[in-house]
Amino acid sequence: MQHSGVTARLRGVSAVNEKVAWASGSGSTVLRTSNGGSTWKRLNVTTEPLDFRDVDAIDEQTAFVLSIGNGPASRIYKTTDAGMTWTLQFKNEDPAAFFDAMSFWDGNRGVVIGDSIRGQFCILRTENGGRTWTRVPVNDLPPALENEGAFAASGTNIALVGKSHAWIGTGAAARARVLRTSDSGRTWRIADTPLHAGPSAGIFSVAFRDVKHGVIVGGDYTKEKEARANVAVTSDGGISWELVKGLSGYRSVIAYVAGPKTPSLVAVGPSGTDYSSDDGRTWTEIAGPGFDTFSFGRGRAVGWAAGAQGQIAKLRL
């Protein structure tokens, strides 16, 4: 465990390497460490009371933070100087829109997912480092189910691979589904999954290790210890999904571990953590507290978890 110096609920974390990581949460909280977590510095983004549910670090100096809420509460800020100064890049003006999470292929190209609006998915794209954000046309998206959206629980319901592939997990509807693109988010297709679905259930996190193999996790966030149809795997790029067992409760994060010859994963949720050393087929519980979000440093088996009451912990495998 590490000392964050805050009591906010931290829902976003993004690790760059073993030294530098960023975290975000309620009360406009954004934190950064440059010494492996020995100390965390709170950064001043805005004086307005926003809930930063997602942070995505491009490198040690550059990061984006996303706040949630209807209308102008949904925003994106960016820093290029390690958090010393921030620029407001996007401020939602649609009172019906509510943005949940974001992810970036590189420093220029990224994608943001929001809840559906009048039966239509709401996805934004940027190709210029966030200076402009453009909504994907309705004709390039499948129709959304009633109430279908993306949970703003950990900032990890978008997975990216390579230069153009992405997957988004949905929930809060009659079925839990996965959107997929192979052209940098210009056009999207969708597939049903066997994960438990409902108003408070569905897919909370997506991870892919290449363009074919991926894992989704979730459950019902109102029943944190219930292990009901909450993990599935794919080997065809997300066209079809196979339900597997083993997670010990609702999980809000899934992440691949760098290094092992056999693909290994960590699944994290408020009630605990599970580990798989066989590409998600079987799982073993890791002793310790639960968290809302988690991120490995790129190419490392070292990462940070964060959660309620400002909790931050460093995991080394």
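The preceding data block contains the structure.
Cut-offs used in this document
- Residues numbered from 1 in each chain as written.
- Predicted model: local features only at pLDDT ≥ 70, side-chain atom pairs only at ≥ 80, totals over all residues.
- Heavy atoms only, no water.
- Helix = DSSP H or I, 4+ residues; strand = E, 2+ residues; numbered from the N terminus.
- Rg over C-alpha atoms; globule rule 2.2 N^0.38 Å.
- Buried < 20%, exposed > 50% of the residue type's maximum accessible area, 1.4 Å probe, protein only.
- Pairing = 2+ DSSP bridges.
- Axes fitted to C-alpha atoms, helices over the stretch in contact; angles between N-to-C directions.
- Phe/Tyr/Trp six-rings, centres within 6.5 Å; stacked < 30°, edge-to-face > 60°.

K.L.:
What's the story with the overall build of the chain in this structure? I'm lost.
P.N.:
Per the secondary structure count, the chain includes zero helices and 27 strands. On C-alpha atoms alone, the chain measures out to a radius of gyration of 18 Å, which is about the 20 Å that the 2.2 N^0.38 rule sets for 317 residues. Taken along its principal axes, the extent of the C-alpha atoms in the chain is 45 × 45 × 35 Å. A burial count over the chain gives 60% of its 317 residues as buried.

K.L.:
Help me understand the sheet that holds strand 5 (residues 52–57), please; the structure alone is not making it clear to me.
P.N.:
Consider a sheet: its strands pair through backbone hydrogen bonds, and that pairing is either parallel or antiparallel. Strand order in the open sheet made by the four strands is 5-6-7-8, with antiparallel pairing throughout. Two strands lie at the open edges of the sheet, namely strand 5 and strand 8 (87–91), each paired on one side alone. Strand-to-strand twist across the sheet, computed as the mean angle between neighbouring axes with direction ignored, equals 20°.

K.L.:
What should I look at first to understand the packing of aromatic side chains in this one?
P.N.:
The description of two aromatic rings rests on the distance between their centres and on the angle between their planes. By the definition in use, this model includes 13 aromatic pairs. Here Phe-90 and Phe-99 contribute two aromatic rings whose centre-to-centre distance is 5.5 Å and whose plane-to-plane angle is 90°, an arrangement assigned as edge-to-face. The class for Phe-99 is buried, based on a relative accessible area of 3%. Summarising the aromatic geometry, the rings of Phe-204 and Tyr-221 are spaced 6.3 Å apart at their centres and angled 75° between planes, so their arrangement reads as edge-to-face. Pair noted here: Phe-204 is in strand 17 (residues 201–208) and Tyr-221 is in the loop between strand 18 (214–220) and strand 19 (231–234), with a separation of 17 residues, a long-range link.

K.L.:
Whenever I open this one, the pairing of strand 9 (residues 99–104) confuses me. Can you help?
P.N.:
Regular strands place their side chains on alternate faces of the sheet. Burial runs high along strand 9: six of the six residues are buried. In terms of strand pairing, strand 9 meets strand 10 (residues 110–117) through five bridges, oriented antiparallel. Note on strand 10: the bridge partner recorded for Phe-99 is Gly-114.

None of this, on its own, says anything about what the molecule does.
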